[in-house]
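# Architecture and fold: a report
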Amino acid sequence: MEKFKALLEKSCVKILSAQGNLLGSGFFISKTEVLTAGHVVKGASGCIIHYPEIEKSYSGFEIKYSDFDYAIIKILDSDPIQCVFLGTDINLNDDLLAYGYSAENLYGENLILTLEGASSNKEGVFKLKMKNGQVSKGNSGSPVLCLQSGQVIGIICETRSRLSAEGGYFVGMETVFSEHSALRLDNREWHLQNPSWNRAFDLEQTELSLRNETWKKAHFDVFYGHHYDVEDILIQPSYRDIVNKFEDFSAQQNQVNFFERCAKILKEQSVLLLTGPYGSGKTLLTKCLQKRLIRNGHNTLFIAANTFRNEHNKYHDLKQSLIKRMHNQSNLYVLIDAFDELQSLEGDQGLELFEDLVSLVSERGGYLIVNYRTLMSDDFKEQYGYLTLLLRTALNCAEIKMINLVEFGNSEIEKWMENYSRLRTRDGDQNVLRMEDIRNTHKHFIYGCHNPLFLYIVNQYYYNQGKDINSIENIYDLYAKFVGDTVRGKFSMETSVGAKALQQIVSYYLDFLKEIALNIASHSPKFAGSNVDADNFLDDNIELMGIPENKTADAVKEIFNVLIPYSEDFKSKKIDRVLLNCYFFEQTNGVWRFRDNNILYYFISEKLFSCISRTITAVDELKSLPEIFGELKPAATVPLHPVVIELLLRKTAAIKEKDRITFVSALRDLISNEFILSVPPNQSELHIDQYKINLDIFLCILFVQLNQESYTGLTFFFKRFTWLLSIVKRVNHKMVGLAKRFYKGARIIDAEFRRVNLKDCNFDQTYLKKVTFIQTKLYDVRKDNSAFVSVKYLLCDFAYTHMNQINGDIVFESCIINSLKFDENRGAIFLTFENCRIEHLEIFGNKGNKVYLKFKNCTLVNVLVKDARVKQLYLETNRIEHFQIETSKVNLMMIANKFKDEEDQFDIKHKVDIIESYFKPEDMVYPVKETSDRVS
């Protein structure tokens, strides 16, 4: 950095008013040209350019202004000691160095900043945002150097705050080059004669306009603030040897060390083709290959192929620059990352470049290492078939060996996690994320982690969220980060240097992915027939869903029309489908598909959330109920799926309380006025409006999940919902299961379930207060981890129902209990059974929390109390056939007319038959309830 500071200082000038006051800064870009911010010199007649390095001032010059707030000053008699090196290579979060003058420091100062992203003002002028540094008055016109690429990539034009270190804005060099293309050549000519700037890079970071990423240790941080190298988490990859046919996946995986195998192939044929799907680690392994070559004393050149894609008008110059580099260094190893990016070049330039490289390798004795994504489109098969033929001819080989990388399996995930955890532990972290944590979070979570990039993001997210295991339980946030980071990274080259808006392109592309996800869901039998376990909602990805391109033609065409027209030059170029492929989304064999079905579900949940957002806005704007309902209607055509709803609920859980109340209030009004649940129970199957039913189920699920207030005033809501499900069952029984799944986690207060069938419903983690179930069938119902406050079951029928780890008070009156089980209560539970017939009842405690039991006028066929701390057992006028207590503590037992209270607790370990007897009613005492409103 110190070398660059000195070079910038030697390049910079002060711009003074005629009276000698500081107006701003500037810098030499060629022998006779200075670049500065336009507002610094605009309207400042008689200004002076002072060059501190040689203490010389200039007053006679010509100024060219631009509408983008920069100006070029032409000084005919200047002879600078140093000019900056201009370029356009910049990525988000790159470190920036600026040098200039300010009112506080007239002798010059350095600024250290970070690139944050793109911005635009009200006139539509795009600029780049910087953060983490104080831009002061006078810094306008200063050069901005990217420490990663070694190029001056812009001119400071504005501060974000005069009072604090919030950064500022600068005009990107791509904007300047778009209006003054000759500047690049003038700048290049100066540096050809004065190589001091290039010598500032220890590893020859820049070869003119060709971006050499040899300098870059890794393409991502192992973790923030780390001092480790990417090789520290490297594991041996799984791969196959492929001969001649890149799409031959039938070959067995090779067990030979990956790097040894690469060295052997390079020795045999001078060219190594490394293939693999998105996110399989091609870039990381290519970089690791290069690092090993450097350690062995070899010259290397690492190039990201999108460098060529970005420089559409300079392709020929870039190619010549590369050819020159290979001529000047014998036995040079050229490594090209993501070669398939070249498919977007005009005509056959990508293939021409490859031909030139192969020829140079053959002539100069160099080596070529190329990685590319394996995409099964006809165009790719044809082109890579041509490449193998080209290599066989140029290198005089009978066959061309390639390496095909395979995504992580469970063993690779475990090894990677061990390496990452080991580094964390060495760095002082004890609460590390381990393989078993991922397995325990969600049953199918591990399938998403087969993509190394997603696995890395899971780990990053966990540590950035304070090492809280709940952070990775929120799958929505993880997929949102994975999708967002991937798409922003994908389009960083198209949107770098401020001439295009990153957020706009990302937004359009994300909208495109949502539409594709909807198309896939609407046409996929797997989507419509999915049935997901209640305990786990992620897809196992055994069968990836996709849709032929001809069924998505309109959406594909629309996204191309949006992404491409950013410049006239870009419009005229060949744009291949490769632009739409990314780590989690691809076109293969004419089919669009997501590499993880759960990402498809994520995009559909995003589509549904947009309806919720519009509804909240409509309420805030005081629109009528029909207008509000209109904002929700688009959700009618969105297919529902358990994973979609699960992800959506995690999204809605994060909305502001005010917005939740607004949305729930709107749904309550729509239900009360029968916009929702207006389907009559006797509607014939021929006249069922499936879209309306789809919408009603979706909105009822949301209402049950988001409503935290009383159900008072909603007459027979749950009865009406059950009627709806009885209709749905005729056309799609899966939808019934979907609806019954999402009572879980709800908060139900002052409600009545009357004459409904709750078979297979899931009330896990639900809070119920003053809820009455009347003549309700509860077969295979789950109510685990729930809280009950004044809950009553009247004339209900139970079978195979579980209430595990609950707390609260429940009254069962005149019920038939065929099979009911309580297990490990979390707090005190009060269970009252009156006038019930109990065929089979099991109460398993945890010997820690209290259990209060009352049986009155019941027939007890088979009751088992085990491992429980029974605070009070009360039986009155029951008919008992079999009542067994095992390994439990009983403090107070009242049986029939007999009142029994001893100092020592009862400890009955084996079967006990309790014979019926009587006692006076006035002697009966039942304890005060010790219940909780909390659901863990």
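Residues numbered from 1 in each chain as written. Predicted model: local features only at pLDDT ≥ 70, side-chain atom pairs only at ≥ 80, totals over all residues. Heavy atoms only, no water.

## Some points on the overall build of the chain
We apply this condition: Strands here mean DSSP runs of E at least two residues long; helices mean DSSP runs of H or I at least four residues long; both are numbered from the N terminus. In this scheme, a residue with accessible area under 20% of its type's maximum is buried, one over 50% is exposed, and one in between is partly exposed, where area comes from a 1.4 Å probe on protein chains only. Here a residue-residue contact requires only that any non-hydrogen atoms of the pair lie within 4.5 Å. Note that accessible areas follow from Shrake-Rupley with a 1.4 Å probe, and for residues the cover is restricted to the protein chains shown.
Helix and strand counts for the chain come out as 28 helices and 47 strands. When the 936 residues of the chain are sorted by exposure, 57% land in the buried category. The contacts in the chain between residues at least 6 apart in sequence include a share of 59% that link residues at least 24 apart. A total accessible area of about 38800 Å² is found for the chain, and carbon and sulfur atoms account for 46% of it.

## Things to note about the nonpolar core
Selection criterion: Take the buried Ala, Val, Leu, Ile, Met, Phe, Trp, Tyr and Cys residues and link them wherever side-chain atoms come within 4.5 Å; each set so joined is a nonpolar core. Boundary definitions for the domains trace back to an automatic or database domain assignment.
In this structure, Phe584, Phe594, Tyr793 and Phe812 are the most contacted members of the largest nonpolar core, which totals 159 residues. At 12 residues, the largest contribution of residues to this core is made by helix α22 (residues 597-620). Here this core gathers at least three residues from each of two domains, domain 3 (410-473) and domain 4 (745-935). Those residues in contact with Tyr793 that lie beyond four places of it in its chain are Phe773, Leu778, Lys783, Phe788, Phe798, Met803, Ile810, Val811, Phe812, Glu813 and Cys815. Ile72, Val84, Leu97 and Cys157 belong to the second largest nonpolar core, which has 27 residues in total.

## A word on the side chain of Ser142
Formally: Whenever two N or O atoms come within 3.5 Å, that pair is a polar contact, provided that in protein one can donate a hydrogen and the other can accept it, and provided that, for residues adjacent in sequence, both atoms are side-chain atoms.
Among the secondary structure elements, Ser142 is positioned in the loop between β10 (126-131) and β11 (143-146). One polar contact links Ser142 to Ser25, side chain to side chain, over a distance of 3.5 Å. Among the polar contacts listed, one links the side chain of Ser142 to the backbone oxygen of Asn139, at a separation of 2.6 Å. Discounting chain neighbours no more than four positions away, the residues touching Ser142 are Ser25, Phe27, Tyr99, Gly100, Tyr101, Gly154, Ile155 and Ile156.

## Some points on the sheet that holds strand β39 (residues 859-860)
Note the following rule: Between any two strands, at least two bridges found by DSSP are needed for them to pair.
The strand order across the open sheet formed by 6 strands is β28-β30-β33-β36-β39-β42, and the pairing between neighbours is parallel. On the outer flanks of this sheet lie β28 (777-779) and β42 (879-880), each paired with one strand and no other. As paired strands, strand β30 (residues 797-799) and strand β33 (residues 816-817) are joined by 2 bridges and run parallel to one another. Within β33, the residue paired with Asp797 across the bridge is Ile816.

## Regarding the environment of Leu725
Its place among the elements puts Leu725 in helix α27 (residues 717-731). Leu725 sits 11 residues away from Val736 along the chain, and the two C-alpha atoms are 5.7 Å apart. If sequence neighbours within four positions are ignored, Leu725 has contacts with Ile697, Val736, Ala739 and Lys740.

## A few points about the packing of aromatic side chains
As a reminder, the rule being used: Whether two aromatic rings pair depends on their centres lying within 6.5 Å, for rings of Phe, Tyr and Trp, where Trp uses its six-membered ring; planes under 30 degrees apart make the pair stacked, over 60 edge-to-face, and the rest tilted. We call a charge positioned over a ring when the NZ of a Lys or the CZ of an Arg lies within 6 Å of the ring centre and within 35 degrees of the ring normal.
Using the criterion set out here, one finds 42 aromatic pairs in the structure. Here Tyr602 and Phe603 contribute two aromatic rings whose centre-to-centre distance is 5.3 Å and whose plane-to-plane angle is 65°, an arrangement assigned as edge-to-face. By relative accessible area, which is 6% here, Tyr602 ends up buried. Judged by relative accessible area, Phe603 falls into the buried class, the value being 1%. Between the aromatic rings of Tyr711 and Phe718, the centroid separation amounts to 5.1 Å while the plane-to-plane angle is 40°, which identifies the pairing as tilted. Sitting over the face of the ring of Tyr107, Lys14 holds its NZ or CZ atom 5.9 Å from the ring centroid. Lying over the aromatic face of Phe302, Lys287 brings its terminal NZ or CZ to 4.0 Å of the ring centre.

## Quick look at the pairing of strand β34 (residues 820-823)
On a regular strand, one side chain projects to one face of the sheet and the next to the other, so that they alternate. Burial along β34 is one-sided: the face carrying Leu820 and Phe822 is buried and the face carrying Lys821 and Asp823 is not. As paired elements, β34 and strand β37 (residues 841-844) share 4 bridges and run parallel to each other. Within β37, the position partnered with Lys821 by the bridge is Glu842.

## So, the confidence of the model for the chain
What counts is decided by this rule: A score from 0 to 100, pLDDT tells how confident the predictor is in each residue.
On average, residues of the chain carry a pLDDT of 78, and 77% of them reach 70 or more. Per-element mean pLDDT across the chain ranges from 36 in strand β14 (residues 206-207) up to 98 in β33. Throughout residues 202-221 the model reports pLDDT below 50, and contacts reaching past four residues in sequence, or to other chains, amount to 72 contacts. Considering only residues more than four positions removed or in separate chains, one finds that residues 911-928, a stretch of pLDDT under 50, has 46 contacts.

## Regarding the pattern of salt bridges
In plain terms, the rule: For salt bridges, the criterion is a side-chain nitrogen of Lys or Arg within 4 Å of an Asp or Glu carboxyl oxygen.
Throughout the structure, instances matching the rule amount to 24 salt bridges. Close ionic contact of Glu657 with Arg660 constitutes a salt bridge, the shortest N to O distance being 2.7 Å. You can see Glu657 and its partner Arg660 sitting in helix α25 (residues 657-672), 3 residues apart, about one turn around the helix. With a relative accessible area of 44%, Glu657 lands in the partly exposed category. Across the salt bridge formed by Lys759 and Asp760, the nearest N and O atoms sit 3.2 Å from each other. Linked by salt bridges that have partners in common, Arg614, Glu621, Lys623 and Glu631 make up one network.

## As for the environment of Leu97
Here Leu97 is to be found in strand β8 (residues 95-100). Here Leu97 falls in the buried class, since its relative accessible area comes to 0%. Here the alpha-carbon distance between Leu97 and Cys146, two residues 49 residues apart in the chain, equals 6.5 Å.

## Side note on the pairing of strand β20 (residues 333-337)
In terms of burial, β20 is a largely internal element, 5 of the 5 residues being buried. The two faces of β20 match: Tyr333, Leu335 and Asp337 on one face and Val334 and Ile336 on the other face are all buried. Two elements, strand β19 (residues 300-304) and β20, share 5 bridges in a ladder whose sense is parallel. Its bridge partner being in β20, Thr300 is matched across the sheet by Tyr333.

## Details of the environment of Ile400
With respect to the helices, strands and loops of the structure, Ile400 is situated in the loop between α11 (378-394) and β22 (401-405). Considered as a pair, Ile400 and Leu272 are 128 residues apart in the sequence and their alpha carbons are 8.9 Å apart.

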